[in-house]
Amino acid sequence: MQITLVVPELIWPEPDDRDALDALPCPGLGTLIARGQLDRRPPQSVEATLADTFGLAGNVAYAALRMLGEDSPPAAADACWLCADPVHLRLHQERLILADGASLGIELAEAAAIVDDFNRQFSDVGVFHVATADRWYLQLPRATDFRDFDVLPLSVVAGRRVARQLPDGPEMRWLRQLLNEVQMVLHRHPANEQREEAERSTINSLWLWGAGVLPPASPRDFAAIWSESPLARGLGRAAGVPVRPLPDDARALLAAATPGRQLIVLEALQRAVQYEDADAWRAGLLDLEARWFAPLQRALASGRIDHLRLEAPTAYATLAWESQRGDQWKLWRRPEPLATIAQALAKADQ
């Protein structure tokens, strides 16, 4: 069995933050890092990292692929799709700060009411869909031209400053106009009036990203994909790979998996980094150590796993450590504290 483990934000992005990085007992993770062969590539989003894993590059149609990974995707494979995710933008020191839908506590009834109004008012443009309370989509005609659409994925901007929402070129003028009109509808929507009365952040804009048409099927050699990420599930379905729910821990996965190459996506650390919550990141890392890193390291050392690739999109770089069974017995490669690893990664960027 071979394991590819994707863990975005594995290393806390502030190397001098001793409170976050000091005294983290992670012997399983530390051993995998110390005895693995490091491959370092430029920083990129987890979406781009997953696309690389499936042989996709360039302007990837993330929306179409993510939609395919939803529990009940619409039967519209020939459409052009946009992620139209609900967000809250606030002005802070003359800069816009974005809070994504997952941080807003949106109720499904609120989402449905807003999207119903969108579909009444913008029926001449396309069709809005609600997949979950915080994942929305815009379905457009297949011929819609998005060749120069370079908007960052929502995961990159959540909790951060944003300079602009859409490309500036004249070919996107219609979409910028649509977004302006959407914002006007949101401003006066009853759901937002109720949120204001309850002193909750409003849904005052959409983050439009991932435009494109579902790409042709490209078979991959994975035996299964284990993930709660709709994008990872959609990539698997597009490639004809069996998609499985993420089990509770590595032991459960090893008991259920068939021989072959397994892809596991663990996103538990991402939100803590997006919203600069060091305590949540530390707790999440220790939980991953107990449930995933330590048991997988032991399984690799014992030969139950032949090969493990730990892939980590981080602020430092896109990092990947490759380990074979025999590497785990190179006892002279001693694990280092995560604080030391973060410092070394930061120095390599200078």
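As a reminder, the structure under discussion sits directly above these lines.
Residues numbered from 1 in each chain as written. Predicted model: local features only at pLDDT ≥ 70, side-chain atom pairs only at ≥ 80, totals over all residues. Heavy atoms only, no water.

A. Highlighting the packing of aromatic side chains. Inspection of the entire model under this criterion finds nine aromatic pairs. Here the aromatic rings of Phe 54 and Phe 222 are separated by 5.5 Å at their centres, their planes lie at 45°, and the arrangement is tilted. Placement of Phe 54 in the loop between helix 3 (46-53) and helix 4 (62-68) and of Phe 222 in strand 9 (residues 222-226) is noted, with a sequence separation of 168 residues between them. Phe 54 gets classed as buried once you look at its relative accessible area, which sits at 3%. (Phe/Tyr/Trp six-rings, centres within 6.5 Å; stacked < 30°, edge-to-face > 60°. Helix = DSSP H or I, 4+ residues; strand = E, 2+ residues; numbered from the N terminus. Buried < 20%, exposed > 50% of the residue type's maximum accessible area, 1.4 Å probe, protein only.)

B. View of helix 8 (residues 190-197). Of all the positions in helix 8, only Ala 191, Asn 192 and Arg 195 are classed as buried. Within helix 8, the buried residues cover an arc of 95° as seen down the axis, which keeps them to one side. Across from the buried face of helix 8, at angles greater than 90 degrees, the exposed residues are Gln 194, Glu 196 and Glu 197. (Arc of directions from axis to C-beta.)

C. Highlighting the environment of Trp 321. Relative to the helices and strands, Trp 321 resides in strand 13 (residues 318-324). Along the chain, Trp 321 and Ala 84 lie 237 residues apart, while their C-alpha atoms are 34 Å from each other. Excluding its chain neighbours within four sequence positions, the residues that come into contact with Trp 321 are Leu 10, Leu 32, Ile 33, Gly 36, Gln 37, Leu 38, Leu 308, Arg 309, Leu 310 and Ala 312. (Contact = heavy atoms within 4.5 Å.)

D. View of the sheet that holds strand 1 (residues 2-6). Read from one edge of the open sheet, seven strands run 2-13-12-1-11-9-10, paired in mixed fashion. The open sheet has two edge strands, strand 2 (37-41) and strand 10 (243-244), and neither has a second partner. (Pairing = 2+ DSSP bridges.)

E. The pattern of salt bridges, seen in detail. Tallied over the full model, the rule gives 15 salt bridges. With a closest N to O distance of 2.8 Å, Arg 309 and Glu 311 form a salt bridge. Taken individually, Arg 309 and Glu 311 each receive the classification buried, so the pair is uniform in this respect. A network of salt bridges, in which partner residues are shared, links Asp 39, Arg 41, Arg 309, Glu 311 and Glu 322. (Salt bridge = Lys/Arg side-chain N within 4 Å of Asp/Glu carboxyl O.)

F. Geometry of the side chain of Ser 227. Of note, Ser 227 is situated in the loop between strand 9 and helix 9 (230-238). The class for Ser 227 is buried, based on a relative accessible area of 2%. A distance of 2.8 Å separates the side chain of Ser 227 from the backbone nitrogen of Ser 229, its partner in a polar contact. With residues near it in sequence (within four places) discarded, Ser 227 still touches Ala 232, Arg 233, Arg 244, Pro 245, Leu 246 and Val 265. (Polar contact = N/O pair within 3.5 Å; in protein donor to acceptor, adjacent residues only side chain to side chain.)

Just geometry here; none of it tells us what the structure is for.
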